Amino acid sequence: MIRKTSLWYHREAQLDSGLWSVKSFETDEHPDGFVDPDSGITDRDDWLWRSFESPGVMLRFEIADGVIPEVPPLWFVNVDDPRGENPSTHLVAFQTDHLPAGSIISKFSFATMGVPNSSQVGAVHWYRTGIVNQIFVAPQWRRRFIASCLFGAADALHQGNGWSGHLRSDGRRTRLGMLLAAGFRYPQRFADQTAVMAPMDLPEPDPDQALD
């Protein structure tokens, strides 16, 4: 995978749900993490990933062809925790045929689907400031770029919510997170290592579950 040094965003339109459709671009036109308000770039087709409205889901996420061709088709559950001084959110990945690839749904929609939690393949937890707290991929699904896909989907949801900043690390990482940082597409988004964290447990996307 070729590393890049800049990924910036364009929030195209606010949807009926309140979320934004977004495109990201890998060019040197803007600094990393910049959000461009220029409506004139809406029709550009050189995006890296994009998010858009789709029936029955919160948002759909799509990565451009050939960026990470090894990744299997995933869909995602958003488990939000807006409480407390530092609101955060989870995105949990599944690899089943229940939904089209790239679909992002709420934990409430997930509760009616009858999908077992044991079919999770990975998850990412981050704060609304953009700081990633933890990311995890189930052992049998590693080395298939699922973490990179999770980062992209989480970044799309972050931008889609209109939250400030972009996904990045503050230097606290698990041992597996160190390996991820060493080969990440945007190395500047990982601050120097400051602490080693315990491995992440996959969350249960239950509507009544507390994420404390």
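Above this note sits the structure.
Analysis parameters
Residues numbered from 1 in each chain as written. Predicted model: local features only at pLDDT ≥ 70, side-chain atom pairs only at ≥ 80, totals over all residues. Heavy atoms only, no water. Pairing = 2+ DSSP bridges. Helix = DSSP H or I, 4+ residues; strand = E, 2+ residues; numbered from the N terminus. Axes fitted to C-alpha atoms, helices over the stretch in contact; angles between N-to-C directions. Contact = heavy atoms within 4.5 Å. Salt bridge = Lys/Arg side-chain N within 4 Å of Asp/Glu carboxyl O. Buried < 20%, exposed > 50% of the residue type's maximum accessible area, 1.4 Å probe, protein only. Phe/Tyr/Trp six-rings, centres within 6.5 Å; stacked < 30°, edge-to-face > 60°. Lys NZ or Arg CZ within 6 Å of the ring centre and 35° of its normal.

A. Geometry of the sheet that holds strand β7 (residues 103-106). The strand order β1-β2-β3-β4-β7-β5-β6-β8-β9 describes an open sheet built from nine strands, whose pairing is mixed. Two strands bound the open sheet, and with one partner strand each, they are β1 (8-14) and β9 (132-137). Within this sheet the neighbouring strands show an average axis-to-axis angle of 20°, counted without direction. Pairing of strand β2 (residues 20-25) with strand β3 (residues 49-52), which is carried by two bridges, proceeds in the antiparallel orientation. Looking at β3, one finds that K23 is bridged to R50. Against the sheet, helix α2 (residues 146-160) contacts β1, β2, β3, β4 (59-63), β5 (75-81), β6 (88-94), β7, β8 (120-127) and β9, and its axis sits at roughly 45° relative to β8.

B. The pattern of salt bridges, seen in detail. Enumeration over the complete set of coordinates arrives at six salt bridges. One salt bridge in this structure joins E12 and K23, with 3.6 Å as the shortest N-O distance. One end of the pair, E12, is in strand β1; the other, K23, is in strand β2, and 11 residues separate them in sequence. Two residues, E62 and R50, come together in a salt bridge whose shortest N-O distance is 2.7 Å. Here R50 lies in strand β3 and E62 lies in strand β4, a separation of 12 residues in the sequence. Owing to a relative accessible area of 29%, R50 belongs among the partly exposed residues under this scheme.

C. Highlighting the packing of aromatic side chains. Tallying each qualifying case throughout the model produces seven aromatic pairs. Ring plane angle 75° and centroid distance 6.5 Å describe the contact between F61 and F76, whose orientation is recorded as edge-to-face. Highlighted residues: F61 in strand β4 and F76 in strand β5, separated in sequence by 15 residues. By the burial criterion, F61 is buried, and F76 matches it. Measuring from ring centre to ring centre gives 5.1 Å for F94 and F110, while their planes differ by 35°; the resulting arrangement is tilted. In this pair, F94 is assigned in strand β6 and F110 in helix α1 (residues 107-111), connecting sequence segments 16 residues apart. The side chain of R44 reaches across the aromatic face of F25, ending 4.6 Å from its centre. A cation over an aromatic ring shows up here: R50 above the ring of F52, its NZ or CZ 4.9 Å from the ring centre.

D. Region of the structure containing the pairing of β7. Where burial is concerned, the two faces of β7 agree: the one with S103 and I105 and the one with I104 and S106 are both buried. With two bridges joining them, β4 and β7 adopt antiparallel strand pairing. Paired with L59 across the strands is I104, a residue of β7. Bridging between β5 and β7 involves three bridges; their strand directions are parallel. The residue of β7 that forms the bridge with F76 is I104.

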